[in-house]
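# Fold and contact review
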Amino acid sequence: MSETTVAVHAATATPTERKLSYGEAVNAALRRCLAELPETLFYGEDVALPGGVFGVTRRLHREFGDRVFDMPISESAILGSAVGAAMLGRRPIVEIMWADFSLVALDQIVNQLANVRYISRGDLAAPVVIRTQQGNSPGACAQHSQNLEAFFLHVPGIRVCMPSTPQDAYDLLVTAAYSDDPVVVIENRTLYSGEKVPVRVDGPVAPIGGARKRREGTAATVVTWGAMTDRVLAAADELAASDGISVEVLETPWLNPFPDAEVLASVERTGALAVVHEANVTGGFGAEVVARVAEQVGRLRKRPLRIGLPDTRIPAATALTDVIVPNADSVRDELAEWLR
Amino acid sequence: MSETTVAVHAATATPTERKLSYGEAVNAALRRCLAELPETLFYGEDVALPGGVFGVTRRLHREFGDRVFDMPISESAILGSAVGAAMLGRRPIVEIMWADFSLVALDQIVNQLANVRYISRGDLAAPVVIRTQQGNSPGACAQHSQNLEAFFLHVPGIRVCMPSTPQDAYDLLVTAAYSDDPVVVIENRTLYSGEKVPVRVDGPVAPIGGARKRREGTAATVVTWGAMTDRVLAAADELAASDGISVEVLETPWLNPFPDAEVLASVERTGALAVVHEANVTGGFGAEVVARVAEQVGRLRKRPLRIGLPDTRIPAATALTDVIVPNADSVRDELAEWLR
Amino acid sequence: MAHVVSEASPDAMLSDLRQMWRMRALEEKIRELRLGGQAVGSIHLAIGQEAIPQGACSVLGPDDAVFATYRGHTWALGCGVPAESIIAEVLGRATGISGGRGGSAYFTAPAHRFYGENSIVGAGAPMATGAALAGRFDGTGRVAITVFGDGAMNQGAVHEAMNFAAAYRLPVIFVCENNSWSELTPIDAMVGEPELVRRAAAYGMAGERIDGNDPQAVREEVGRAFDRAREGGGPTLVEAVTARLVGHYVGDAEQYRRPGELDQAREREPITVLAARLADHGVGAEVIAAAERDARAEMDTAAAAALDAALPDPATAKDHLYV
Amino acid sequence: MAHVVSEASPDAMLSDLRQMWRMRALEEKIRELRLGGQAVGSIHLAIGQEAIPQGACSVLGPDDAVFATYRGHTWALGCGVPAESIIAEVLGRATGISGGRGGSAYFTAPAHRFYGENSIVGAGAPMATGAALAGRFDGTGRVAITVFGDGAMNQGAVHEAMNFAAAYRLPVIFVCENNSWSELTPIDAMVGEPELVRRAAAYGMAGERIDGNDPQAVREEVGRAFDRAREGGGPTLVEAVTARLVGHYVGDAEQYRRPGELDQAREREPITVLAARLADHGVGAEVIAAAERDARAEMDTAAAAALDAALPDPATAKDHLYV
Ligand SMILES: Cc1ncc(C[n+]2csc(CCOP(=O)(O)OP(=O)(O)O)c2C)c(N)n1
Ligand SMILES: Cc1ncc(C[n+]2csc(CCOP(=O)(O)OP(=O)(O)O)c2C)c(N)n1
Ligand SMILES: [Mg+2]
Ligand SMILES: [Mg+2]
């Protein structure tokens, strides 16, 4: 990220604490970025006048006027205009309502956005933030349920993060907006209207990257991210209560850059690795985590374990998703079986 | 794949041998499929009257008339019409000139094509073949050089293969056209006008899947696919000649379904695994191969190795690609260093 | 609106009324089930837009194909999909038309010429061109109808489909249901030319802007498009102007509505207008009332059966991924 | 073609001729280097199309921005990028305008208002809307020009860019170089309406179809578009009709050409026509011949320097991926 801008800002930062839900934290982060960074723009479908289909972006248009606007249902125009505006000095924050919809315009992310700095040898930058959200929710269809982080993580030149807490929803978005590199921030709609918790706002801009140790443990290291994190934590507590097995849970809200050192250190300590994500297993980023550990750690006590959606499409009926989308119980059972 | 159709056809099949280049083998396979399967259509940009930008599809329009036609520069229309035509009983074979271009229309592959059979519980099928080609070639720019198989391999519901020999260029395309499931066939333009070699044509339709042991060896198992295969074989011979190290080279032209059993058996034998692909390493399918082996094989003699493009964009200048795109020498050096 | 709409016979009007009441009652029943919590997820209703599926589906031939959107329940009903199997699908039941796999926004019913809803805006348009293309080779002379909203006109895939269909004179009918809103955003703010039908000429295809609240106007225009398509005259864009009387999805607070907008819309909505016209023709109040009563009775029965139906067997969750 | 093109002064004509000769000589030099094997990969030349970049770039202001395609050498030259740094780029040299990273088809030169070539058909159009959008906030009043071919008109991203620009009245000029071929396929077979400019009205923007072989016609039409854009009148689509006198790429066998096509095209090509017009105005043969001679001399010198330049340092291959 842009050390200079951050430094400049950090000086003026005075943290305060507010009780915010995940969705409110996103709104607060957007407001802060629009207020502090005059080059920022925020736009997407239904984000301005209506305040977003999830109500997450309410009042931003009223407060920031033309810098916050609604777009036609034209994802290539949304993403492409963000690339062009960034080349000319703006810092666009754009919303793609569902990660699934990015597939109608992936060219602008992979073939355009990711190349700007590299091809121009740094003469140009593309400080674009792409806010999106993904994952399954009860009754959602196959076209509104996918977890696509693995696509973005195979693209050198863009950064990727997936906040799961209100604090990270705030911090990661602010960090992304201050970054001079493109960042894809993947939220999750099932978290937006969660519980309000104390969130430190207006503090110094956190550097990009890093992991979160969400639970201490010795039996194994469980790496996870996004909305799975809470389910994994519940599973881990269950596992401790019922089977007396205590696993360490490492959340990696930043996936690019990936916190190799923290993950390796934990696995060295526990001698076992499991990776849990909601995306389907084959070709998911869990494979990358397992591969990096296999390449860098010597002998493990156990073979690694990947937990994710089986390789299938995603049905709408909850009677079917209940048995394929990983949840606290299924994760607990798989971990118990693996560690038994 | 459709056992019935294959069976029916296999009966009438009388193999003959012809000397064909890789590109000619593709042409022969297309001609055979258009002749044998009346439901097939073949279309894409510049494929009919001009015979393809690489000349690979010459004479097909003359021979099969309206079933072979040119399309506007509209990848969403190409792919989307293929999905719709397949739902209504056709077997479209469509060309996406460069895999990079699929990114302007990936929705039609991931959100549409892959869902047809699953959502309809088999009431509908989508026997679409997407022929494309990918990879770097001297002077090609970042938007015409990517290896995107990992994207397609993270999508349940579609099959994926990458032929590297004229025989496989022929066989895999025929198998794909006979399959009642969607298949992405990824070719490589640097192979089209390679040497003419004897190719068995008009034989029985091969079943989907399988691996090719391209070289015997004991020191390690090297898994590879696509245009890297020849480079890996050259590297392996070099390695044997110069360092007396003999590795087993396993080509996996079928990546979905992936030949787990063959790979595991080989790794069990050699005790070491390296995976080589031209795609950039992070999030590449090499991670999946390493993860599957780590999950299923106990102790290996060595930590696994992945060789691929470093995580960077792809420059046009050969002075730069020479040092980042894996070639026979760099693969040989990395293998030697790893096995030393 | 170029053509004068000819007056339908009282019988035809009555059957339109009955069909539109079936659609209305279906949607209201589904809303009830969603608000009652028996159905979950996003549900998009076509209340107020029934004249379009009714007019269009009434001229559909046996080999034709329909590609709809997430707002597709009424189009499926118009194609002949039984109400019970639509409601069961929305409820995620094994007896749903797609066994609960598609849900409210993505089910498919090929046996009824309904090649599915689609939850990606505009994605059905290129697929419809393929269905039309198939008809060139399978001897059916199939015409494909793809329906989408005003907002979808701004999606690249729709553009590519229209140009392809026009260039190859494919028998495709593009039906744009212009209900003036794209989710929560007004279409007139998202285009430079609010008369969307003007795009037809730019692609070199026929186009008409019609009253989407009059089933007879829709039937005649879509009928002309069918004739044109079957005679090799290529595709047609039909912009059917209508209004959505409810939220974009069940639960939409509709804060974006303009003052008086819904009151005006209700006066023009297809069922009210047609019922009044029938009364003018001397059709008795009892007959008109029966159309609603019968429709609601049908949907009550269908919903009861759907609610009684079994859930899909979890053991089948991974079936049908490949052959 | 709505407007009468006013006659340019002999001086203006002469400077157009000189600039077009520089473009022609640059392209011919690059072709020579590609055929000679000093350059590798696909190279797309704009020989015959020089009047469009010459006319358009001659009215470009200091804050404006150009988004071109793989066929962009002449546009870069028109923006002021030195010939030597273009040739060096094509040769993959360290002194190339992008240090060899972009190559012939994807280099960028922001210091010269040239925001890059693009090797994805149509992808530059949405990017140009963003550059125009930026101008709304940075006080420059920037106008963005995006140039693409006839075939690109059928790409979804171009549609989305045009509608967005029209809806928000963005200062964007869409220049469509209609050279009648999309790679190896004729545009008239790939559209239902061959007069591509008709799409402008459908989007609610201004549009003109002009003689793309007359630099003065291009200058005046693009000039009007600039004035319109700066006055808040929104985007314009300029369809500039021209011909590509060479293959789609160097090495293209051009078997797709129609009988007599190239002979006719050569008679109408911009340099021949303008040279004749200058002769009619009494400009001496020697002056006219000098325009070519000087241009070729410049390119010989540029190519020699580029060939002498160092290759990029392999150690830098991974630099500049992130901050
Ligand atoms: C490609 C894509 N972008 C965005 C969405 C989210 N979305 C769903 S419906 C909708 C509005 C569509 O409006 P319109 O086309 O007018 O149809 P209507 O809902 O009014 O029937 C949007 C933006 C989507 N499903 N797909
Ligand atoms: C999305 C995409 N599809 C296909 C291609 C391959 N391609 C490169 S140039 C070209 C033809 C473009 O024709 P036109 O737009 O008329 O421009 P011209 O080359 O004539 O200047 C095609 C199909 C591409 N680069 N990008
Ligand atoms: Mg609408
Ligand atoms: Mg062209």
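Residues numbered from 1 in each chain as written. Chains lettered and ligands numbered in written order. Predicted model: local features only at pLDDT ≥ 70, side-chain atom pairs only at ≥ 80, totals over all residues. Heavy atoms only, no water.

## A word on the site of ligand 2
This is how the line gets drawn: If even one non-hydrogen atom of a residue comes within 4 Å of a molecule or strand, that residue is called near it. Polar contact is defined as a pair of N or O atoms within 3.5 Å, subject to the rule that within protein one atom must be able to donate a hydrogen and the other to accept it, and that residues adjacent in sequence are counted only when both atoms are side-chain atoms. Areas reported as accessible are Shrake-Rupley estimates using a 1.4 Å probe. Residue values count occlusion only from the protein chains shown.
Taken together, 21 residues are adjacent to ligand 2, and B:Glu75, D:Tyr70, D:Arg71, D:Ser119 and D:Trp181 come closest. More than one chain reaches ligand 2: the nearby residues come from chains B and D. Interatomic distance of 3.1 Å between a side-chain N/O atom of D:Asp150 and an oxygen atom of ligand 2. At 2.9 Å from an oxygen atom of ligand 2 is found a main-chain nitrogen or oxygen belonging to D:Gly151. For ligand 2, whose free accessible area comes to 580 Å², the fraction covered by protein is 98%.

## Quick notes on the pairing of strand β6 (residues 206-211) of chain D
Residues and elements named next belong to chain D. The following threshold applies: For two strands to count as paired, DSSP must find a minimum of two bridges between them. Only runs of H or I of at least four residues qualify as helices and only runs of E of at least two qualify as strands under DSSP, and these elements are numbered from the N terminus. Crossover handedness is defined here as right-handed if the route from the first strand over the helix to the second strand goes clockwise, with the strands pointing away from the viewer.
Of the pairings in the sheet, the one linking β6 to strand β7 (residues 236-241) comprises 6 bridges and is parallel in character. Bridge pairing links Glu208 to Val238 in β7. After leaving β6, the chain enters helix α8 (residues 215-230) and then returns to the sheet as β7, a path that is right-handed.

## Some details on the side chain of A:Asp70
Under the convention used in this document: When checking whether two residues touch, look at their non-hydrogen atoms; a contact exists if any pair is within 4.5 Å.
Residue position: A:Asp70 is located in strand β3 (residues 68-70). A distance of 2.6 Å separates a polar side-chain atom of A:Asp70 from the backbone nitrogen of A:Ala48. A polar contact is formed between the side chain of A:Asp70 and the backbone nitrogen of A:Leu49, at a distance of 3.1 Å. Not counting residues up to four positions away in its chain, the partners in contact with A:Asp70 are A:Gly44, A:Asp46, A:Val47, A:Ala48, A:Leu49, A:Pro50, C:Thr185, C:Met190 and D:Tyr168.

## What about the interface of chain B and chain A?
What counts is decided by this rule: Two parts placed together each lose some accessible area; with a 1.4 Å probe, that loss summed over both constitutes the buried area. Salt bridge, as used here: a side-chain nitrogen of Lys or Arg that lies within 4 Å of a carboxyl oxygen of Asp or Glu.
Listed as interface residues are 51 residues of chain B and, on the opposing side, 51 residues of chain A. Both sides together, the interface formed by chain B and chain A hides about 4300 Å², and carbon and sulfur atoms give 52% of it. Along the contact surface separating chain B from chain A lie 4 salt bridges. The closest approach of N and O atoms between B:Arg306 and A:Glu295, which form a salt bridge, is 2.6 Å. For the interface between chain B and chain A, the tally reads 36 residue pairs in polar contact (both at pLDDT 80 or more). Going through the elements one at a time, α5 (106-112), α6 (116-119), α7 (149-153), β13 (273-280), α11 (285-296) and β14 (305-309) of chain B are the ones with two or more residues in the side of chain B that touches chain A. Element by element, the count of residues in the side of chain B that touches chain A is highest for α11(B), at 9 residues.

## Some words on the interface of chain C and chain B
Going by this rule: Here the nonpolar group is Ala, Val, Leu, Ile, Met, Phe, Trp, Tyr, Cys and Pro; Asp, Glu, Lys and Arg are the charged ones; every other residue, Gly included, is treated as polar.
Taken together, the contacts link 38 residues of chain C with 41 residues of chain B. Among the residues chain C hides against chain B, the three largest losses belong to C:Phe137, C:Tyr322 and C:Val323. Together they make up 21% of the total. At the boundary of chain C and chain B, one finds 0 salt bridges. Per element, the largest residue contribution to the side of chain C that touches chain B is 8 residues, and it comes from helix α5 (residues 124-137) of chain C. Considering only residue class, the side of chain C that touches chain B consists of 22 nonpolar, 10 polar and 6 charged.

## Looking at the domain arrangement of chain A
Residues and elements named next belong to chain A. Heads up, the condition is: Just so you know, the domain bounds were taken from an automatic or database domain assignment.
We note that the domain assignment places domain 1 (3-201) and domain 2 (212-339) within chain A. Domain 1 and domain 2 are separated by 26 Å when their C-alpha centres are compared. If you look at the interface, domain 1 gives 27 residues, while domain 2 gives 26 residues. Around 2100 Å² of area is buried between domain 1 and domain 2 when both sides are counted, 55% of it from carbon and sulfur atoms. By the criterion of area lost to domain 2, the three top residues of domain 1 are Asn136, Leu153 and Met162, representing 23% of everything that side buries. Linking domain 1 with domain 2 are 1 salt bridge. Put simply, Asp168 and Arg212 hold a salt bridge, and the shortest N to O gap is 2.9 Å. Summed over the shared surface of domain 1 and domain 2, the result is 12 residue pairs in polar contact (both at pLDDT 80 or more). Partitioning the side of domain 1 that touches domain 2 into residue classes produces 13 nonpolar, 11 polar and 3 charged.

## As for the site of ligand 1
Near ligand 1 you find 21 residues, and of these A:Glu75, C:Tyr70, C:Arg71, C:Ser119 and C:Gly151 are the closest. With respect to ligand 1, its neighbouring residues span chains A and C. Contact between ligand 1 and C:Ala152: an oxygen atom at 2.9 Å from a main-chain N or O atom of the residue. Measuring from an oxygen atom of ligand 1, one finds a side-chain N or O atom of C:Asn179 at 2.9 Å. If ligand 1 stood free it would expose 590 Å²; the protein chains cover 98% of that surface. Of the residues assigned to the shell around ligand 1, the class counts are 8 nonpolar, 8 polar and 5 charged.

## Some remarks on the coordination of the magnesium ion (ligand 3)
Residues and elements named next belong to chain C. We apply this condition: With water excluded from the atoms, a metal site may look incomplete; its donors are any N, O or S atoms within 2.8 Å, or within 3.2 Å for Na, K and Ca. Relative accessible area decides the class of each residue, using a 1.4 Å probe on protein chains only: under 20% of the type maximum gives buried, over 50% gives exposed, and in between gives partly exposed.
Donor atoms from the polypeptide that bind the magnesium ion (ligand 3) are Asp150 (OD), Asn179 (OD1) and Trp181 (O), placed at 2.1 to 2.2 Å. Every donor residue of the magnesium ion (ligand 3) comes from the same chain, spaced as D-x28-N-x1-W. Residue Asp150 is found in the loop between β2 (144-149) and α6 (156-167), and its partner Asn179 is found in the loop between β3 (172-178) and β4 (181-182); the two are separated by 29 residues along the sequence. You'll find Asp150 and Asn179 in the same group, each marked buried.

## A look at the relation of the copies chain B and chain A
Quick note on the threshold: In superposing the copies, a least-squares fit is computed on C-alpha atoms, taking residues whose pLDDT is at least 70 in both.
Overlay of chain B on chain A (RMSD 0.0 Å): rotation 180 degrees, translation along the axis 0.0 Å. The superposition of one copy onto the other is thereby described by a two-fold rotation axis. Most of the interface of chain B is mirrored in chain A, where 100% of its interface residues are also at the interface.

## A word on the environment of B:Gln167
Residues and elements named next belong to chain B. Inspection of the secondary structure assignment puts Gln167 in helix α8 (residues 166-178). Here the alpha-carbon distance between Gln167 and Val199, two residues 32 residues apart in the chain, equals 5.2 Å. Not counting residues within four places of it along the chain, the set of residues in contact with Gln167 comprises Pro198, Val199 and Arg200. At 2.8 Å, the side chain of Gln167 forms a polar contact with the backbone nitrogen of Arg200.

## Examining the UniProt feature "domain: Dehydrogenase E1 component" (unreviewed entry) in chain C
The cut-off we apply is this: UniProt positions are given in the numbering used here, feature names are shortened, and annotations may be inferred rather than shown by experiment.
UniProt marks residues 20-312 of chain C with the feature "domain: Dehydrogenase E1 component" (unreviewed entry), using the numbering shown here. With 44% helix and 11% strand, residues 20-312 of chain C has end C-alpha atoms that lie 31 Å from one another.

## Remarks on the coordination of the magnesium ion (ligand 4)
Of the protein atoms, only D:Asp150 (OD), D:Asn179 (OD1) and D:Trp181 (O) coordinate the magnesium ion (ligand 4), at distances of 2.0 to 2.2 Å. In terms of primary sequence, the donors binding the magnesium ion (ligand 4) are separated according to D-x28-N-x1-W.

## Looking at the packing of helix α5 (residues 124-138) of chain D against helix α6 (residues 156-167) of chain D
Residue and element names in this part refer to chain D. Applied cut-off: Only the stretch in contact is used when fitting a helix axis, every axis being a line fitted to C-alpha atoms; angles between N-to-C directions are given from 0 to 180 degrees. Oblique is the label for any angle not covered by the other classes, which are roughly parallel (under 35 degrees), roughly antiparallel (over 145) and roughly perpendicular (65 to 115).
One way to put it is that α5 packs onto α6 with a least axis distance of 7 Å and a crossing angle of 25 degrees. As judged from the angle between their axes, α5 and α6 are roughly parallel. Of the residues in α6, those in contact with Ala125, Pro126 and Thr129 of α5 are Ala157, Val158, Ala161, Phe164 and Ala165. Among the residues making up the contact of α5 with α6, the classes are represented as 7 nonpolar, 1 polar and no charged.

## With respect to the pattern of salt bridges
For the structure on display, the rule yields 79 salt bridges over all chains. Note that A:Glu248 and A:Arg269 form a salt bridge whose closest N and O atoms lie 2.7 Å from each other. Note that A:Glu248 is positioned in strand β11 (residues 248-251) and A:Arg269 in helix α10 (residues 260-270), a separation of 21 residues in sequence. The closest approach of N and O atoms between D:Arg257 and D:Glu261, which form a salt bridge, is 2.9 Å. Taken as a pair, D:Arg257 and D:Glu261 share a single burial class, namely buried. Connected through shared salt-bridge partners, A:Asp260, A:Glu288, A:Arg292, A:Glu295 and B:Arg306 make up one network.

## What to know about the confidence of the model for chain A
As a reminder of what qualifies: pLDDT expresses, on a scale from 0 to 100, how confident the predictor is about each individual residue.
Predicted confidence across chain A gives a mean pLDDT of 96, with 96% of residues reaching 70 or more. In the model, residues 1-8 of chain A has pLDDT below 50 throughout and makes 16 contacts with residues more than four positions away in sequence or in other chains.

## Digging into the side chain of C:His159
On the secondary structure map, C:His159 appears in helix α6. Judged by relative accessible area, which is 1%, C:His159 ranks as buried. Sequence-distant contacts of C:His159, defined by excluding residues within four places in its chain, comprise C:Tyr203, D:Met153, D:Asn154, D:Gln155, D:Gly156, D:His159, D:Arg199 and D:Tyr203.

## Let's talk about the sheet that holds β14(B)
Where strands meet in a sheet, backbone hydrogen bonds hold them as pairs that are either parallel or antiparallel. All names here are of chain B. Sheet architecture is open: 5 strands sit in the order β9-β11-β10-β13-β14, paired in mixed fashion. Strands at the two margins of the open sheet, each flanked by one partner only, are β9 (212-215) and β14. If you compare each strand with its neighbour and ignore which way they point, the axes differ by 25 degrees on average. Note that β13 and β14 share 4 bridges and pair parallel. What sits directly across from Ala274, in β14, is Leu305.

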